[in-house]
Amino acid sequence: AFTSRVLQVLLSDVKFGETVSYKRLAEMVGNPRAVRAVGGAMRRNPVPLLIPCHRVISSSGQSGPYMSGRGDHLKQWLLTHERQRGDG
């Protein structure tokens, strides 16, 4: 239930070209102390290109791991692509 709620809020509230921190996303789902659980929800995302977990970054602005670290280059590409498309 928590994972579904996190993914639903991410999909509906974080728009194309935007990012959100794990902490802020936890706050958005009503549980500001659930930062690590939000990370777990991102790892369990069954459709990462449809539910854009690449938009979730650390509070420091670092991108954080994507696809257990194997897709970090893809996360950076997706974020850059969305920012460029959002400006035009």
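Refer to the preceding data block for the structure.
Residues numbered from 1 in each chain as written. Predicted model: local features only at pLDDT ≥ 70, side-chain atom pairs only at ≥ 80, totals over all residues. Heavy atoms only, no water.

*Asks:* Teacher, can you tell me more about a nonpolar patch on the surface here?
*Replies:* Taken together, the side chains of Met67, Leu74 and Trp77 define a hydrophobic patch exposed on the protein surface, amounting to about 300 Å² of accessible area. In this fold, Met67 is placed in the loop between strand S2 (56-57) and helix H4 (72-87). Exposure remark for Met67: the relative accessible area of 40% places this residue in the partly exposed category. (Patch = residues over 30% accessible without salt bridge, like charges linked within 9 Å, V, L, I, M, F, W, Y side chains within 5 Å. Areas by Shrake-Rupley, 256 points an atom, 1.4 Å probe, with all protein chains shown as cover. Salt bridge = Lys/Arg side-chain N within 4 Å of Asp/Glu carboxyl O. Helix = DSSP H or I, 4+ residues; strand = E, 2+ residues; numbered from the N terminus. Buried < 20%, exposed > 50% of the residue type's maximum accessible area, 1.4 Å probe, protein only.)

*Asks:* Even after reading the chapter, I still don't get the nonpolar core, so can you show me in this structure?
*Replies:* Soluble globular proteins tend to bury their nonpolar side chains together. Counting residues in each nonpolar core, the largest one holds 18 residues, and the members touching the most others are Val6, Leu10, Val20, Leu25, Val38, Met42 and Val56. Of all the secondary structure elements, the ones that give two or more residues to this core are helix H1 (2-13), helix H2 (22-28) and helix H3 (35-43). By residue number, the principal contributor to this core is H1, which donates four residues. Every residue in contact with Val56, bar those within four places of it in the chain, is listed here: Leu10, Val20, Ser21, Tyr22, Leu25, Met42, Ser63 and Lys75. (Core = buried A, V, L, I, M, F, W, Y, C linked by side-chain atoms within 4.5 Å. Contact = heavy atoms within 4.5 Å.)

*Asks:* Please clarify how the side chain of Glu82 should be interpreted in this entry.
*Replies:* By the element assignment, Glu82 lies in helix H4. On the basis of relative accessibility, which here comes to 5%, the residue Glu82 falls in the buried class. Residues in contact with Glu82, not counting those within four places in the same chain, are Phe16, Gly17, His54 and Arg55.

*Asks:* Quick question: what am I supposed to make of H1 here?
*Replies:* Because the α-helix completes a turn every 3.6 residues, residues three or four places apart line up on one side. Here H1 contains 12 residues, and its C-alpha end-to-end distance of 16 Å stays within 8% of the 16 Å for a straight helix at 1.5 Å per residue. If you check which residues of H1 are buried, you get Thr3, Val6, Leu7, Val9 and Leu10. Burial along H1 is one-sided: seen end-on, the buried residues are contained in an arc of 160°. Elements in contact with the buried residues of H1: strand S1 (20-21), H2, H3 and S2. (Expected span 1.5 Å × (residues − 1). Arc of directions from axis to C-beta.)

*Asks:* What exactly am I supposed to notice about the packing of H1 against H3 here?
*Replies:* In a pair of packed helices, the angle between the axes and the distance between the axes together describe the arrangement. Orientation of H1 relative to H3, taken along the N-to-C sense of each, is 80°, at an axis distance of 9 Å. On the basis of their axis angle, the class for H1 and H3 is roughly perpendicular. Contact residues: H1 offers Phe2, Thr3, Val6, Leu7 and Leu10, while H3 offers Ala37, Val38, Ala41 and Met42. (Axes fitted to C-alpha atoms, helices over the stretch in contact; angles between N-to-C directions. Parallel < 35°, antiparallel > 145°, perpendicular 65-115°, else oblique.)

*Asks:* Mind showing me how you'd approach the layout of surface pockets here?
*Replies:* Gaps between atoms show up when a probe of the same size as a water molecule is rolled over them. The space that makes up the largest pocket amounts to roughly 270 Å³. As for the largest pocket, its lining consists of Tyr22, Gly39, Met42, Arg43, Asn45, Pro48, Cys53, Pro65, Tyr66, Met67, Ser68 and Lys75. If you tally residues by element for the lining of the largest pocket, the top one is H3, at three residues. (1 Å grid on protein atoms, 1.4 Å probe; cavity = no way out; pocket = protein on both sides within 12 Å on 5 of 7 lines; lining within 4 Å. Points joined across faces, edges and corners; volume = space filled by probe spheres on them.)

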